[in-house]
Amino acid sequence: MQTELIQEARRQAEICNACRYCEGYCSVFPSLHSERAFSIGDITQLANLCHNCRGCYYACQYTAPHEFDLNLPKALAEVRRDSWESFAWPQPLARRFHTDGGAIALALVVGFALLFWAARAIGSSGGDGFYAVLSHNAMVAIFAPAFLLPLISVGLSLKRYWTEVSGKPIQFSDVTAALKRVGQMQDLAAGHGDGCNFEDEDRFSQARRHIHQSIMYGFLLCFASTSAATIMHYGLGMHAPYGFWSLPKLFGISGGLLLTVGCGAMAFLKQKSDRELGDPSAWGGEFGFILLLGFVGLSGLVLYALGSTSFMPALLAIHLGSVLTFFLLTPYTKMAHGFYRLAALIRDAQRKRLS
């Protein structure tokens with residue numbers, strides 16, 4: 001990890017530890033105040049606990065033009081991004097995406113879509129619906145490795161993170177406590193429960209919290225749709241296409257709507273926010289990821305709406321191209337932050353249990 005980023009975050013954390021005005025603002029400060037000195041692992045843990053709500057910055061009396069020049073949200077955001085890049089495997093891909101994420105995602109979506117379009121002539125096995133364009137076996141052969149290999153990469157990255165932050169053996173209570181906080185997006189409500197100041201210095205808002213919930217639950221519903229279809233296909237012998245009232249369709253459509261609306265709202269919110277209170281160098285990658293994830297949801301909805309028309313083969317190629325891009329880039333995009341955030345919350349639950 002970059003030494004200068006760690007040193008700057010440590011400097012600011014030590015000042016915050018002496019001041020303690022923001023005690024109770026969010027989960028960062030109880031963890032910060034439990035330490036007297038900050039190792040690289042301590043700073044990395046604090047950075048991944050931070051949800052960038054920015055309340056501490058607007059409340060702080062030591063921001064510029066004060067000589068202390070505190071900007072803890074930015075300092076932790078830079079360490080957070082650097083930690084993802086440092087722990088990622090293979091590492092060079094992560095650093096490249098955070099600087100040129102939008103262009104990389106667009107190029108891959110277009111490239112994969114063209115490949116799927118070209119493969120339609122040899123991929124069909126006379127099936128119904130989408131399988132008339134690309135066979136079920138061909139889809140499984142392509143997407144199973146594309147799903148599993150990134151999970152292996154994320155697992156290796158999290159192992160490195162857990163070692164760095166001195167994680168202890170995990171107990172069930174640690175996981176349940178962390179999942180409760182994730183499910184409620186508790187930290188995006190900040191310590192006072194009124195929301196955060198992400199888009200406006202003078203106004204607390206729950207908007208960012210609700211948008212994150214929309215994206216998270218939308219993604220989980222889409223995953224549930226795929227899981228239900230897999231069980232129905234292999235376990236129950238019920239093959240696609242499925243009707244509107246089937247679980248794959250109900251989960252998929254509702255998840256696609258939540259994803260599309262949530263990502264659109266998040267893109268709007270980020271445009272309103274102050275980039276200098278986050279990590280400016282990662283802004284392009286973050287925005288590119290939001291657009292990619294939103295496009296996955298939108299293209300799926302359009303494909304469902306026009307699936308019985310002559311546009312279906314082209315729309316299927318575009319949608320599959322975006323999904324494949326999303327899977328392959330997961331370890332190197334902000335999608336990985338969900339895994340790191342959960343790991344940080346589990347480690348924080350351990351701190352509370354062992355203190």
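Data block above holds the structure.
Residues numbered from 1 in each chain as written. Predicted model: local features only at pLDDT ≥ 70, side-chain atom pairs only at ≥ 80, totals over all residues. Heavy atoms only, no water.

**Notes on the overall build of the protein**
No. 1: From N to C terminus, the protein includes 13 helices and 0 strands.
No. 2: The order of helices and strands in the protein, counted from the N terminus, is α-α-α-α-α-α-α-α-α-α-α-α-α.
No. 3: A compact globule built from 355 residues should have a C-alpha radius of gyration of about 20 Å, and the protein, at 22 Å, falls within 12% of that.
No. 4: Expressed along its principal axes, the backbone C-alpha trace of the protein runs to roughly 70 × 40 × 35 Å. (Helix = DSSP H or I, 4+ residues; strand = E, 2+ residues; numbered from the N terminus. Rg over C-alpha atoms; globule rule 2.2 N^0.38 Å.)

**Observations regarding a nonpolar patch on the surface**
No. 1: Among the surface-exposed residues, Phe295, Leu298, Val302, Leu306, Phe311 and Ile318 lie close enough to one another that they form a single nonpolar patch of about 470 Å² accessible area.
No. 2: The element best represented in the nonpolar patch is helix α11 (residues 283–305), accounting for 3 residues.
No. 3: Here Val302 lies in helix α11. (Patch = residues over 30% accessible without salt bridge, like charges linked within 9 Å, V, L, I, M, F, W, Y side chains within 5 Å. Areas by Shrake-Rupley, 256 points an atom, 1.4 Å probe, with all protein chains shown as cover. Salt bridge = Lys/Arg side-chain N within 4 Å of Asp/Glu carboxyl O.)

**Overview of the environment of Leu324**
No. 1: Relative to the helices and strands, Leu324 resides in helix α12 (residues 312–329).
No. 2: Counting along the chain gives 194 residues from Leu324 to Phe130, while the straight-line C-alpha distance between them is 16 Å.
No. 3: Discounting residues that sit within four places of it in the chain, Leu324 has contacts with Phe112, Phe116, Ile142, Phe143 and Ala146. (Contact = heavy atoms within 4.5 Å.)

**Describing the packing of helix α8 (residues 172–184) against helix α13 (residues 335–354)**
No. 1: In contact at an axis separation of 8 Å, α8 and α13 are set at 125 degrees when each is read in the N-to-C sense. When the interaxial angle is binned, α8 and α13 end up oblique. Helix-helix and strand crossings are classified by hand; for α8 and α13 the assignment is right-handed. Touching Ser173, Asp174, Val175, Ala177, Ala178, Leu179, Arg181 and Val182 of α8 are Leu342, Leu345, Ile346, Asp348, Ala349, Gln350, Lys352 and Arg353, all from α13. (Axes fitted to C-alpha atoms, helices over the stretch in contact; angles between N-to-C directions. Parallel < 35°, antiparallel > 145°, perpendicular 65-115°, else oblique. Left-handed = near helix turned anticlockwise from the far one by under 90°.)

**A few points about the nonpolar core**
No. 1: Core analysis: the largest hydrophobic core is formed by 43 residues, its most contacted members being Phe116, Phe143, Ile215, Leu293, Leu316, Leu320 and Phe326.
No. 2: Elements that contribute at least two residues to this core include exactly α6 (91–123), α7 (136–164), α9 (207–235), α10 (247–272), α11 and α12.
No. 3: Sorting elements by how many residues they give to this core places α12 first, with 10 residues.
No. 4: Non-local contacts of Phe326, meaning those with residues more than four positions away in its chain, are made with Phe219, Phe289, Leu292, Leu293, Val296 and Met335. (Core = buried A, V, L, I, M, F, W, Y, C linked by side-chain atoms within 4.5 Å. Buried < 20%, exposed > 50% of the residue type's maximum accessible area, 1.4 Å probe, protein only.)

**With respect to empty space enclosed by the protein**
No. 1: Considering all chains together, one arrives at 2 cavities of 30 Å³ or more under this definition.
No. 2: Size it by volume and the largest cavity reaches roughly 70 Å³.
No. 3: Taken together, 13 residues make up the lining of the largest cavity; nearest its centre are Cys26, Cys50, Cys53, Arg54 and Cys56.
No. 4: Among the secondary structure elements, those contributing two or more residues to the lining of the largest cavity are α2 (28–33), α4 (55–59) and α5 (72–87).
No. 5: It is α5 that contributes the most residues to the lining of the largest cavity, 3 residues altogether.
No. 6: Looking at the lining of the largest cavity, its residues break down into 10 nonpolar, 2 polar and 1 charged. (1 Å grid on protein atoms, 1.4 Å probe; cavity = no way out; pocket = protein on both sides within 12 Å on 5 of 7 lines; lining within 4 Å. Points joined across faces, edges and corners; volume = space filled by probe spheres on them. Nonpolar A, V, L, I, M, F, W, Y, C, P; charged D, E, K, R; others polar.)

**Some remarks on the state of the cysteines**
No. 1: What the rule picks out here adds up to 0 disulfides.
No. 2: Looking at Cys26, it has no disulfide partner, and the nearest cysteine sulfur is the one in Cys53, 5.2 Å off.
No. 3: The buried category is assigned to Cys26, whose relative accessible area is 16%. (Disulfide = S-S within 2.5 Å.)

**A short note on the packing of aromatic side chains**
No. 1: Tallied over the full model, the rule gives 14 aromatic pairs.
No. 2: Ring geometry for Phe116 and Phe143: centres 5.9 Å apart, planes at 0 degrees, overall stacked. With Phe116 in helix α6 and Phe143 in helix α7, this residue pair connects regions lying 27 residues apart in the sequence.
No. 3: A relative accessible area of 9% means that Phe116 is categorised as buried.
No. 4: One aromatic cluster is present, built from ring pairs that chain together Phe116, Phe143, Phe147, Phe219, Phe223, Phe289, Phe326 and Phe327. (Phe/Tyr/Trp six-rings, centres within 6.5 Å; stacked < 30°, edge-to-face > 60°.)

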